[in-house]
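Architecture and fold: a report
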Amino acid sequence: MPLILLLIGFFLLKSLLQLPFYFKRWKESLRLAAITSLAVGPFITILYHETAVDFWLVYLGMMVLDAFLYVYLLQRNWWKAAPAAFLVNTFVMFYFYLGNG
Amino acid sequence: MKHLLTVLAGFLLLAAELKADAGFSIRRQTAASHLSFRGTASLGDYRLVHVRLASGYYDTVIQRYVYRFADTVNDALVIVRQDGGKRWEESDRYVHLLLIDPAGKKTDSLVFFLKKHNLTLQITGVKDGKLQYSTEKSKAVYDYTVTGDEETIQGNKVSRGIFIGTSLLGFLLLAWTLYRRRKIATT
């Protein structure tokens, strides 16, 4: 999957799905979506093609990382961060699999 | 209550582990392995052919292996083993080659295993009906693409570097954002 498509897709999915949860802090939410897409997207592509890591663990790791970031950077509320992280990363994973096969 | 939650979490993790075996990561595309040839002109009247074993491999009635001929080897031929996954999705990684003399009889057979490495077969000639050759091995790498243009695949090392660099930049920005936040919170 081309890098640019990966990044745009990750950013769009993350920013759109985070928006209903963190509408009041939408600017920070967008910035976080951009930064995490940049960090996580290419990283999991490398993991996917070069290692034999179990992708259920990667999926879990991405959710934990996102939930942690939502709590510490957007709003201190785990009950909001957990479903947001689950929803965002589920869609992101689907997109990743569509692109990488 | 705490114990119950721990047990539940354990079950969930176990379920995830089992499910992983059943389908989440089996479509992983591994780097394609290539087998290419140099110096096929030195074969003379001999012919090197790439064969695929027919289904069943060994015929117990005629008591010999059954082959299906695929290609006559030349310098332009590149044999690729692309498919790969886990367990039942694993493709046939073996490449079978036969050396055929001008009369059409098999005089030599070779088997190469292609996985994670590219092989270049340097053929130097035929001696007593046996193929004389040396092999060069190089690591097979996945073709990363930075843009949608297929021609950029050639710059694979650069693309790979861009992927790693982009990810590093993202993690650095993330660390910086977290660092800034903590500073704001403490002042």
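Preceding this paragraph is the structure being described.
Residues numbered from 1 in each chain as written. Chains lettered and ligands numbered in written order. Predicted model: local features only at pLDDT ≥ 70, side-chain atom pairs only at ≥ 80, totals over all residues. Heavy atoms only, no water.

In this structure, Ile-44, Phe-55, Tyr-70, Met-93 and Phe-96 of chain A are the most contacted members of the largest nonpolar core, which totals 40 residues. Put simply, the parts of the chain that give this core at least two residues each are α1 (3-18), α2 (26-50), α3 (55-74) and α4 (78-100) of chain A together with α2 (156-186) of chain B. Take this core: its biggest share by element is 11 residues, from α3 of chain A. With residues up to four places along the chain from it excluded, the contact list for Tyr-70 of chain A reads Gln-18, Tyr-22, Leu-32, Gln-75, Ala-81, Ala-84, Ala-85 and Val-88 of chain A. Phe-37, Val-73, Ile-79 and Leu-131 of chain B belong to the second-largest nonpolar core, a separate cluster that totals 17 residues. (Core = buried A, V, L, I, M, F, W, Y, C linked by side-chain atoms within 4.5 Å. Buried < 20%, exposed > 50% of the residue type's maximum accessible area, 1.4 Å probe, protein only. Helix = DSSP H or I, 4+ residues; strand = E, 2+ residues; numbered from the N terminus. Contact = heavy atoms within 4.5 Å.)

In this section: the interface of chain B and chain A. Across the boundary between the two partners, chain B contributes 31 residues, which contact 36 residues of chain A. Of the roughly 3000 Å² buried at the junction of chain B and chain A (both faces included), carbon and sulfur atoms supply 66%. Counting every contact that joins chain B to chain A gives 1 salt bridge. A salt bridge links Arg-160 of chain B to Glu-50 of chain A; its shortest N-O distance comes to 2.8 Å. Taken together, chain B and chain A are joined by 3 residue pairs in polar contact (both at pLDDT 80 or more). When contributions to the side of chain B that touches chain A are tallied by element, the ones reaching two or more residues are α1 (2-24) and α2 of chain B. In terms of residues, the side of chain B that touches chain A owes the most to one element, α2 of chain B, which gives 14 residues. (Buried area = accessible area lost by both parts, 1.4 Å probe. Salt bridge = Lys/Arg side-chain N within 4 Å of Asp/Glu carboxyl O. Polar contact = N/O pair within 3.5 Å; in protein donor to acceptor, adjacent residues only side chain to side chain.)

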